[in-house]
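# Observations on chain architecture
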Amino acid sequence: MTNTINSALRRVPAWTIYLAGFGWAAWLFWQALNGLGAYAVEPINVLERAYGEIALILLVAGLAVTPVRQHLGVNLIKFRRAIGLTAFFYVIAHFLVFAVLDVQSLGRVWEEVVKRPYVTVGMLSLVLLIPLAVTSNNLSIRKMGAASWRKLHKLTYPAALLGALHYLWLTRGFPTEPLFYFVVITALLLLRAKFKKRNQVTA
Amino acid sequence: MAHRWKNDLSRDDVTPKAAFLNRRNFLAAAGLGAGAAGLGAIGGMSPAPAMAQEAALEPNSFEDVTAYNNFYEFGTGKTDPAANAHRLQTEPWSIVVDGLVDNPGTFSMAEFVDGLEIEERIYRFRCVEAWSMVVPWNGFELADVLARAGVQSAAKYVSFETAVQPENMPGVQRGVIPFPYVEGLRLDEAMHPLTMLATGIYGEPMPKQNGAPIRLVVPWKYGFKSIKSIVRITLTEEEPAATWNIINPGEYGFFSNVNPEVSHPRWSQATERVIGGGLFAARQDTLMFNGYEEEVASLYDGMDLREFY
């Protein structure tokens, strides 16, 4: 079963992730521009949320690649870079909607980042992702060496956690979606820690 | 007592004209002369500022007003109420009026609105989440209802309660916030001529996602004070509980007057986005008391609005 899935996946090129990611972002923007469906009344907030949430989903997907291989035997490793970079693209798109369409002035962007903890946390997550996006290429892995590159890319975890916290913090009441991401990311983190520990014990 | 404000019903006559005049393109086409003549016709009556405001307001479309709502009984998303509120059972509907009143009782909707004249009021509506709309409400002044109930001298506050229908309300089933939703006003706020109980918008019966069959509208306070689908009105001596104030007293005060200078702990209240402007809608400055400063500021004379937010 996993062999069938893996051999099928081998035939799918990684660039399909970029294509789907950019295509979907453009489709959402087009809907927002024309006030279609969920974008009919308040397109700015809806687009901002949509980009942010997809960024979070992709960050979680990127984090899930290793546990999925370890526990389910399905190998998605060749898609991981594309998933990560597409996540970063959505984070930037989310930030641009916030800065340009939502708060609409650099002064207010700065004020929000400094004064509003949930924006600070979201901004911190974005900043943490910059070195990861910049080094998501073979040249960087060669230059840095695999070990330190891997160490650097562990920043995905705090970045994803801060992203989930950012989402949780901005809501009123107790909606389930932000909590869901928080729980999933924490679970993935625990899963990885446990797996590592077990391997260390058996090694 | 309510009859003292009957003069305000002159807005009844004004509104069609105002609604007509508020089409900005018409104003522009007609030029200043026609505009001034139009305002002149209503200028003789007081309070003029409110009229001028109303004339300048351009209501959001019926679609805007009914597709983008907060009504946590039906879910926390903005489109959840439009999707789920059809399940609200509004017939029969009864409203309890009790507490410190001479004429307590349980009234059917028909009994409750009997003898009250429905008028249209075009008000700004400012959500605590920093977005806003302009809504043409249909309803009557809460003061008229309170006058009929016979408010006793010991009463200092009015509390309100929203219906709870767990089987019809997914948000109640999930317990997203404590229910029933409750709100309250100080008696002088409740008696203010701007404060109304609305039974419709755009001349239509109140859509369920907007709080059918009857809701409060307090235009100078953040939207969550304007409690929906009311089943109980109680006159009290003590300050009543208010749901968001219970959930997070540091973020939502009992008064919750619109105030651009007092920011929400997590976001600024200095500006707002008017719903319905599309993807490139510019933010606009939020007005003190949501633009009703002249009418209501005196209610808070001597109060520190930073302390009593």
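Placed above this text is the structure.
Residues numbered from 1 in each chain as written. Chains lettered and ligands numbered in written order. Predicted model: local features only at pLDDT ≥ 70, side-chain atom pairs only at ≥ 80, totals over all residues. Heavy atoms only, no water.

### Comments concerning unusual backbone geometry
Between Glu91(B) and Pro92(B) the backbone carries a cis peptide bond, its omega angle lying at 0°. Tracing the chain through its elements places Pro92(B) in the loop between helix H5 (80-84) and strand E1 (94-99). For the peptide bond that leads from Phe179(B) to Pro180(B), omega is 0°, which places it in the cis range. Considering the arrangement of structural elements, one finds Pro180(B) in the loop between helix H8 (170-174) and strand E6 (182-186). Backbone geometry at Gln104(A) places phi at a positive 70°, although glycine is not the residue there. Tracing the chain through its elements places Gln104(A) in the loop between helix H4 (80-103) and helix H5 (106-115). A positive phi is found at Ala130(B), a non-glycine position, where the angle reads about 70°. Within the secondary structure, Ala130(B) is located in the loop between strand E3 (119-126) and strand E4 (131-141). A residue is classified by how much of its surface remains accessible, and Ala130(B), at 8% relative accessible area, is buried. (Helix = DSSP H or I, 4+ residues; strand = E, 2+ residues; numbered from the N terminus. Buried < 20%, exposed > 50% of the residue type's maximum accessible area, 1.4 Å probe, protein only.)

### Some remarks on the environment of Ser132(B)
Residue and element names in this part refer to chain B. Structurally, Ser132 is set in strand E4. For Ser132, a relative accessible area of 4% gives the class buried. Taking the C-alpha atoms as reference points, Ser132 and Val97, separated by 35 residues in sequence, lie 31 Å from one another. For Ser132, the contacting residues outside a window of four places in its chain are Phe125, Arg126, Glu272, Arg273, Val274 and Ile275. (Contact = heavy atoms within 4.5 Å.)

So yeah, pure geometry; function would need other evidence.
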